[in-house]
Amino acid sequence: MKKRRGVKFTNRKHPYAAIMAVILGAISLISLGIVVYRSYAAGGVAKQGFGFTGLFALLFAVTGVVLSALTINDKRAFRLFPVLGLVLNGLVFVFLGLIMYAGSHF
C-alpha cells in the first residue's frame, strides 16, 4: 500500500527568535561580503568603517547564536530556523576568523 502524502495538521510553529537569528546571520554575512569586496576593489586597503562593520557583524552573530541556542530544544517548534540560524552565524565566525588570520599573515 502506498503512503499517502497530504497536509499534516500540527500546532507547531516557527519561533520568532530563531527567525530573527536567521535575519541577523544573513545581515552579517552580506555586510562582511560587501566589506571584503570593497576592500579588495580598493587594492587591499580597508577604510576605518570596515572595521566597525566587522565588529557589528560579530555582535549580530553572537546575538544570533544565543537566540538560536535558546530555541533549538523547544519541542513545540520546528527546528528549521534554529538550525539555519546556528549555521549562518557560525559561518560569520568562520569568515571573521579567516579575515583575522589572513590579516595577520600578510
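Note that residues are indexed from 1 along each chain, following the sequence as it is written. Totals for whole chains, interfaces and linings use every residue, but because this is a predicted model, local features are given only for residues with pLDDT of at least 70 and side-chain atom pairs only at 80 or more, for both listing and counting. The side-chain quantities take in all heavy atoms of the structure and omit both hydrogens and water.

## Here's the deal with the overall build of the protein
Quick note on the threshold: By the criteria applied, helices consist of DSSP H or I runs no shorter than four residues and strands consist of E runs no shorter than two, each listed in order from the N terminus. Only C-alpha atoms enter the radius of gyration; for comparison, a globular chain is expected to reach 2.2 Å times N to the power 0.38, where N is the number of residues.
What the protein contains, in helices and strands, is 3 helices and 0 strands. When its helices and strands are written in sequence order, the protein yields α-α-α. Over its C-alpha trace the protein gives a radius of gyration of 18 Å, far above what one expects of a compact globule, namely 13 Å for 106 residues. Taking the principal axes of its C-alpha atoms as reference, the protein extends roughly 65 × 30 × 20 Å.

## Side note on the confidence of the model for the protein
Stated precisely, the cut-off is as follows: A score from 0 to 100, pLDDT tells how confident the predictor is in each residue.
Here the protein averages 90 in pLDDT, and 96% of its residues register 70 or above. Put simply, helix α3 (residues 80-105) is where the protein has its lowest mean pLDDT, 92, and helix α1 (residues 16-41) is where it has its highest, 94.

## Describing the pattern of salt bridges
Pairing is possible between side chains of opposite charge, provided their charged atoms come close. Stated precisely, the cut-off is as follows: One side-chain nitrogen of Lys or Arg within 4 Å of one carboxyl oxygen of Asp or Glu is enough to make a salt bridge. Under the scheme applied here, a residue whose accessible area is under 20% of the maximum for its type counts as buried, over 50% as exposed, and between as partly exposed, the area being computed with a 1.4 Å probe on protein chains only.
Applying the stated criterion across every chain yields a total of 1 salt bridge. Notably, a salt bridge pairs arginine 76 with aspartate 74, separated by 3.6 Å at the nearest N-O pair. Assessed through its relative accessible area of 29%, aspartate 74 is described here as partly exposed.

## Here's the deal with α1
Condition: Each residue after the first adds 1.5 Å to the expected span of a helix. By definition in these notes, contact holds between two residues if any of their heavy atoms fall within 4.5 Å.
Given a rise of 1.5 Å per residue, 26 residues ought to cover 38 Å, and the 37 Å separating the end C-alpha atoms of α1 matches this to within 8%. On the buried face of α1, the contacting elements are α2 (48-71) and α3.

## Some thoughts on the nonpolar core
Quick note on the threshold: Nonpolar core, defined: a set of buried Ala, Val, Leu, Ile, Met, Phe, Trp, Tyr and Cys residues in which side-chain atoms within 4.5 Å join the residues together.
The biggest cluster of nonpolar side chains holds 5 residues, and these are Leu32, Ala57, Ala61, Val92 and Leu96. Elements with a contribution of two residues or more to this core: α2 and α3. For valine 92, the contacting residues outside a window of four places in its chain are Gly25, Ser28, Leu29, Leu32, Ala57 and Ala61.

## Let's talk about the environment of phenylalanine 78
Topologically, phenylalanine 78 is positioned in the loop between α2 and α3. In sequence terms phenylalanine 78 and histidine 14 are 64 residues apart; their C-alpha atoms lie 5.4 Å from each other. Each residue touching phenylalanine 78, except ones within four places of it in the same chain, is listed here: Thr10, Arg12, Lys13, His14 and Pro15.

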